[in-house]
Amino acid sequence: MASADQEPEKSRPPYQGSMRRMVRDGYGHYLYPNTFFRYEGEWKDGKKHGHGKLLFKDGSYYDGEFVDGEIIGMGQRYWSSSGNIYSGQFVLGELHGHGVMIYKEGGKYEGEFYQGMREGHGSLTDKNGQVYQGAFHENKKHGVGQMVFNNGDSYEGDWILDQRQGHGVMHYADGSIYKGQWRNNVFNGQGLMIHCSGIIYDGLWINGYPATQASKIVILGPTVIKMVQGSSITLKVQLQTDDGEVVRSESGRALKIWAGVRYVQLSAFSNLSFFKVTGDAEVKPIQTPFGFECIAYPLTLPASGEPEMGSSKSEHPEDDLCFQKEDLEPESLLESLLYRAKDDPDDQDEESQLTSSPGNQTFSSPHYQQVNHGYAEFHNVSLAAPPPEYHPIMFLDSIPNKNEDQQPQDAECLDNTGNPEKRSPQSRDKSPPRQKGPWLNQPPSPTDGSSSMAYPGEYVIMVQEITTPPFLGKTLPTAFAHLKVLPREKQPPPEDP
């Protein structure tokens, strides 16, 4: 008989402990009171333990390992709101450790996570195909890393919060290289750029641009350079900023030197200019900053090592830039006619606008130099004889003595008003002695060797940048220098033996 303090056998729930172990150990399904969650998988001691799947009502899920009811270990997480899928390590339900995140919008991250964020070393490919490998902090590129952009550029260096900042090297797809300091994703601080065109800039950068950025080419020397016919000169060129500072931190810019001769349409002779140009090409004159137009004219380069003709040394370097900078007499006869032509308001004819543009030269012989630390020099620059296409119209102040009393029949000259007049043979004897003045005629055959030289007159020297491709997308404007060629002294004829 059972004692009074013992519970009757029939009043106990049979196998209560065993039933609980059977329900919460092994594999089973569990529907939470909050119907948003549902679990199916392995259990141990009443806790989710082992492999299982936690499903969310919106379609999201976690499928992986559980330890004592927590999401710990390897698993896969899917978010229905974003469409992203993560596969990797978890700690207490957070992405923690090594894993791979595949983004629905495109791209993938593989690397380290810390409490749900990219942290540590990893590789990120974005939706545009750009690849970053390096350090991360709080989901952002932070530390040292390398990025390959989808246009072929690549960067290796320091990052701060997704921006290139600190020291880094940028290799561009076109071959350009920048090595130096960065801030806010652009060049900032000391840096060296080797541009694909050959230009090298080594200096300070501010917000992606050189602190001393070249804006103009300057030809050093006087306002008007004067040289004797047949001489050669050395031209010194500088790259300068808008404020006139020499850009010594830049080298490699390619420059071309070429020339032009003043192009004038005489109002009284609208079909004539200082040079008649033959050929079928119809081209426009080149505008200069000196108030007149010019047409292209060829340059020559003496043989290597040949000294400059007429050169002289001075204590001041700028005095060596040209020959005969001081006023020389007599002035060019061509120049005197220019001044007369300005005063004649007759109609102007554009029929003979024959010239060549800088990019379309057919006869010029340009010289090339590269800038070195903001400077360049063109040595032994001289003007060639007129090319075959150019037929000069000379303006003579006198006729040789043997012809002093004779004039060619129907020769044209300018009267006191600047208009042409015809002289017949009958009127020669009645006319007073001819006054000194410009005559329009074909040039005589010189006996002093000047036929192989440029004729006296006004010319233009131009220095043009031809760097390709342009540095930072900008080509410097062409520089002009006003050049006057003065007649050389005539040599006396040799004496008869």
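Scroll up a little and you will see the structure.
Please read all numbers here as calculations on a predicted model, not as lab measurements.

A.B. asks: Before we move on, could you go through the overall build of the chain and cite the residues and values that matter?
C.D. replies: In terms of helices and strands, the chain carries three helices and 35 strands. Buried positions account for 39% of the 497 residues belonging to the chain. Expressed as a percentage of contacts within the chain between residues at least 6 apart in sequence, the contacts between residues at least 24 apart total 47%. Put simply, the chain shows about 28300 Å² of open surface, and 50% of that area lies on carbon and sulfur atoms.

A.B. asks: Talk me through the pairing of strand β13 (residues 163–171); I want residue IDs and the actual numbers.
C.D. replies: Examined bridge by bridge, strand β12 (residues 154–160) and β13 share six bridges and lie antiparallel to one another. Looking across to β13, one finds that E156 is bridged to V169. Remark: two residues form the turn of the hairpin made by β12 and β13, two consecutive strands paired antiparallel; L161 in that turn has positive phi of roughly 50°. Here six bridges tie β13 to strand β14 (residues 177–183), and the two strands are oriented antiparallel to one another. Residue pairing in the sheet places H167 in a bridge with Q181 of β14.

A.B. asks: Tell me about empty space enclosed by the protein, and please be specific about residues and values.
C.D. replies: Within the structure shown, the criterion is met by four cavities of 30 Å³ or more. Size it by volume and the second largest cavity reaches roughly 60 Å³. What lines the second largest cavity is Y201, P210, T212, Q213, A214, E250, R253, F471, K474 and L476. Split into classes, the residues belonging to the lining of the second largest cavity amount to five nonpolar, two polar and three charged.

A.B. asks: Go over the packing of aromatic side chains, please, and point to the residues and values.
C.D. replies: Counting across every chain of the model gives 27 aromatic pairs. Here the basic side chain of K48 rests over the ring of Y39, its NZ or CZ set 5.8 Å away from the ring centre. A cation over an aromatic ring shows up here: R118 above the ring of Y109, its NZ or CZ 5.6 Å from the ring centre.

A.B. asks: Now, about the sheet that holds strand β26 (residues 299–300): what can you tell me, with residues and values included?
C.D. replies: Strand order across the open sheet formed by four strands is β18-β20-β28-β26, with antiparallel pairing between neighbours. At either margin of the open sheet sits one strand with a lone partner, and together these are β18 (216–219) and β26. The sheet contact formed by β18 and strand β20 (residues 233–240) spans four bridges and is antiparallel. By the bridge assignment, V218 is partnered in β20 with Q238.

A.B. asks: Can you break down the pattern of salt bridges residue by residue, with the values?
C.D. replies: By the definition in use, this model includes five salt bridges. For R253, the salt bridge goes to E250, with nearest N and O atoms at 2.6 Å. An identical accessibility class is assigned to R253 and E250; each is buried.

A.B. asks: Break down unusual backbone geometry for me, citing the residues and quoting the values.
C.D. replies: With an omega of -10°, the peptide bond running from T468 to P469 counts as cis. One can find P469 in the loop between β34 (457–465) and β35 (479–486). In this structure, N184 takes a positive phi of about 55° despite not being glycine. If you trace the backbone, N184 turns up in the loop between β14 and β15 (186–194). Here the phi dihedral of L472 falls at roughly 55°; this positive angle occurs in a residue that is not glycine.

A.B. asks: Help me get a handle on the environment of P285, residues and values and all.
C.D. replies: Tracing the backbone shows P285 in the loop between β23 (275–277) and β24 (286–287). The spacing of P285 and Y263 is 22 residues in sequence and 7.2 Å in space, taken between C-alpha atoms.

Cut-offs and rules
- Each chain has its residues counted from 1, running along the sequence as written.
- Where totals are concerned, whole chains, interfaces and linings use all residues; where local detail is concerned, this predicted model gives features only for residues with pLDDT of at least 70, and gives and counts side-chain atom pairs only at 80 or more.
- Side-chain metrics rest on all non-hydrogen atoms present in the structure, leaving aside hydrogens and water.
- Only DSSP runs of H or I covering at least 4 residues are called helices, and only runs of E covering at least 2 are called strands; the numbering of each starts at the N terminus.
- Burial classification: accessible surface area is computed with a 1.4 Å probe over protein chains only, and a residue below 20% of its type maximum counts as buried, one above 50% as exposed, and the rest as partly exposed.
- We call two residues in contact whenever any of their non-hydrogen atoms come within 4.5 Å of each other.
- All accessible-area figures derive from a Shrake-Rupley calculation using a 1.4 Å probe, and residue coverage is judged against the displayed protein chains alone.
- At least two DSSP bridges between two strands are required for those strands to pair.
- Here a cavity means grid points, on a 1 Å grid over the protein atoms only, where a 1.4 Å probe fits yet cannot get out; a pocket means an open set of points with protein on both sides within 12 Å along at least five of seven lines; lining residues are those with an atom within 4 Å of a point.
- Grid points are joined across faces, edges and corners, and a volume is the space filled by probe spheres set on the points.
- In this classification, Asp, Glu, Lys and Arg are treated as charged, Ala, Val, Leu, Ile, Met, Phe, Trp, Tyr, Cys and Pro as nonpolar, and every other residue, Gly included, as polar.
- Each aromatic pair joins two rings of Phe, Tyr and Trp (for Trp, the six-membered one) with centres within 6.5 Å, and gets the label stacked for planes under 30 degrees apart, edge-to-face for over 60, and tilted for any other angle.
- Comment: the charge-over-ring label is applied if NZ (Lys) or CZ (Arg) is within 6 Å of the ring centre and within 35 degrees of the ring normal.
- Between Lys or Arg on one side and Asp or Glu on the other, a salt bridge is scored when a side-chain nitrogen of the former is within 4 Å of a carboxyl oxygen of the latter.

By themselves, these observations are geometric and do not establish any function.
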